[in-house]
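Next come the chains, spelled out residue by residue.
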Amino acid sequence: MAGGVLAIAAAATVWFMQTGSASSSDEASKAALAAGIDSKEQAAIEAIVRDYILKNPEIIPEAVEILQTRQKTAAIDEIRKDIEAPFASAAFAGNPNGDVIVVEYSDFACPYCKQTTADIARMIKDDKNIKVVFRELPILSEASNDAALMALAAAKQGKYFAFHKTMFATGRPTPSTIESAAKEVGIDMAAARKFIATPEAQQEVQRNIEVARKLQFTGTPAFVVGNETAVGAVGYDGLKEMIAKARGSK
């Protein structure tokens, strides 16, 4: 029985591969031979598989979804350690030893990111065992980038979350609102400007943009929680659901 199941699985792979290029067909034939399937058996099993798929086409999107989930999980696992480590060990809120880490990519010019600040604040208040790591993803304007760099400078001075909240509360980023928010939370402006001019600051933003591309984020805010990603203002309930899934997978 086990051999039959393996043969059918191999044949299914063969059939899917043969729907592509000639080189895929050659590879499929090699796979069949490696599985101990001769050409007659291969043809017979392919006919069975094809008939089953045509009668049950709903399995194709299900299979694609499973494949995409596996690919996404693999992509997250590859970068998880880096994205879950807050910049300067300070760009986070909540429990530093939380059992679930919520990674949020945001842009200070994004109204949906501003809307999300209330959901994050509520989640931190209600769930004492989560850690929220903030990553700058300034994609909307040059002012977004200026605000992001100031946020990183704030992290270097141990004042990231205070600046994060104040900047969103102050209004859309402009030279004056950025400076106002920075001064309000007590940032050393001379030290901040010096840091902003360093490669470290620029490289952090660039890394975040590269991760966003890799995870196929289409906007902000964007979240990574466990093996799940989401884009947009998912709301308090959406965040709560993602956190529950992350806990359930441990």
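The notes below deal with the structure included here.

Rules of the game
- Residues numbered from 1 in each chain as written.
- Predicted model: local features only at pLDDT ≥ 70, side-chain atom pairs only at ≥ 80, totals over all residues.
- Heavy atoms only, no water.
- Pairing = 2+ DSSP bridges.
- Helix = DSSP H or I, 4+ residues; strand = E, 2+ residues; numbered from the N terminus.
- Axes fitted to C-alpha atoms, helices over the stretch in contact; angles between N-to-C directions.
- Buried < 20%, exposed > 50% of the residue type's maximum accessible area, 1.4 Å probe, protein only.

## Remarks on the sheet that holds strand β4 (residues 222–225)
Phase 1 of the analysis: Spatial strand order, β1-β3-β2-β4-β5: five strands in an open sheet with mixed pairing. Only two strands of the sheet have a single partner each, and these edge strands are β1 (92–94) and β5 (228–231). Strand after strand, the sheet turns through a mean of 20° between neighbouring axes, direction not considered.
Phase 2 of the analysis: Bridging between β4 and β5 involves four bridges; their strand directions are antiparallel. Residue Val225 lies in a different strand from β5, and its bridge partner there is Glu228.

## Here we look at unusual backbone geometry
Phase 1 of the analysis: Cis rather than trans, the peptide bond between Thr220 and Pro221 has omega equal to -10°.
Phase 2 of the analysis: In this fold, Pro221 is placed in the loop between α10 (199–214) and β4.
Phase 3 of the analysis: In this model, Ser89 sits at a positive phi of 60°, which is unusual for a non-glycine residue.
Phase 4 of the analysis: Its location among the elements puts Ser89 in the loop between α4 (59–83) and β1.
Phase 5 of the analysis: By relative accessible area, which is 60% here, Ser89 ends up exposed.

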